[in-house]
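If you want the building blocks of each chain, they are given just below.
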Amino acid sequence: MSYTYRRKGGIDMEQLTGITDRFGGIDKNKSRDLGYERLPGEAWLEQEVDVLIPAALENQLHAGNIERLSRQVKLLAEGANGPTTPEADAVLAKRGVFVIPDFLANAGG
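As the structure is a computational prediction, the values presented were derived from the model and not from experiment.

Scoring rules and cut-offs
Numbers given for residues are sequential positions, taken from 1 along each chain in its written order. For a predicted model such as this one, the threshold for reporting local features is a pLDDT of at least 70, and the threshold for listing and counting side-chain atom pairs is 80 or more; totals across whole chains, interfaces and linings nevertheless cover every residue. To obtain the side-chain values, all non-hydrogen atoms of the structure were used and water was disregarded. Definition used for salt bridges: Asp or Glu carboxyl oxygen within 4 Å of a side-chain nitrogen of Lys or Arg. In this text, helices come from DSSP runs of H or I with a minimum length of four residues, and strands from runs of E with a minimum of two, each type numbered from the N-terminal end. Throughout, exposure labels follow a simple rule: accessible area from a 1.4 Å probe, protein chains only, divided by the maximum for the residue type, with under 20% read as buried, over 50% as exposed, and the rest as partly exposed.

Novice: Describe the pattern of salt bridges, with residues and values.
Specialist: Counted by the stated rule, this structure contains six salt bridges. Residues Arg68 and Glu42 are paired through a salt bridge, measuring 2.9 Å at the closest nitrogen-oxygen approach. Of this pair, Arg68 sits in the loop between strand 3 (51–52) and strand 4 (75–77) while Glu42 sits in the loop between strand 2 (37–40) and strand 3, and the two are 26 residues apart along the sequence. Residue Arg68 is classed as partly exposed on the basis of its relative accessible area of 34%. Its salt-bridge partner being Arg95, residue Glu67 comes within 3.6 Å of it at the nearest N-O pair. With Glu67 in the loop between strand 3 and strand 4 and Arg95 in helix 3 (residues 86–95), this residue pair connects regions lying 28 residues apart in the sequence. The exposure class of Glu67 is exposed, given its relative accessible area of 53%. Connected through shared salt-bridge partners, Glu42, Glu46 and Arg68 make up one network.

What follows is the structure in structure tokens.
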């Protein structure tokens, strides 16, 4: 099961990595104690952010979910290999979202 973690005051990466297990899983109780909210896995799409970095899986943004992407997103940096499908790319272009393609953003994985 996947989750999205959010903290309105911002994420402290050092603090967050300090409460992960050896596989990168975040301790839900410790995260709550530090002020993080645990949301459903695909909630990352709807966050009111200017920059979005899909960095885990291929085809994360596709025809079935691209309309849920926040209208506030202005820049998308493809941290994963091929995180957007051609259908999602068309929507991003129509919205005027600047996309840094995976081969530039992640230097080939």
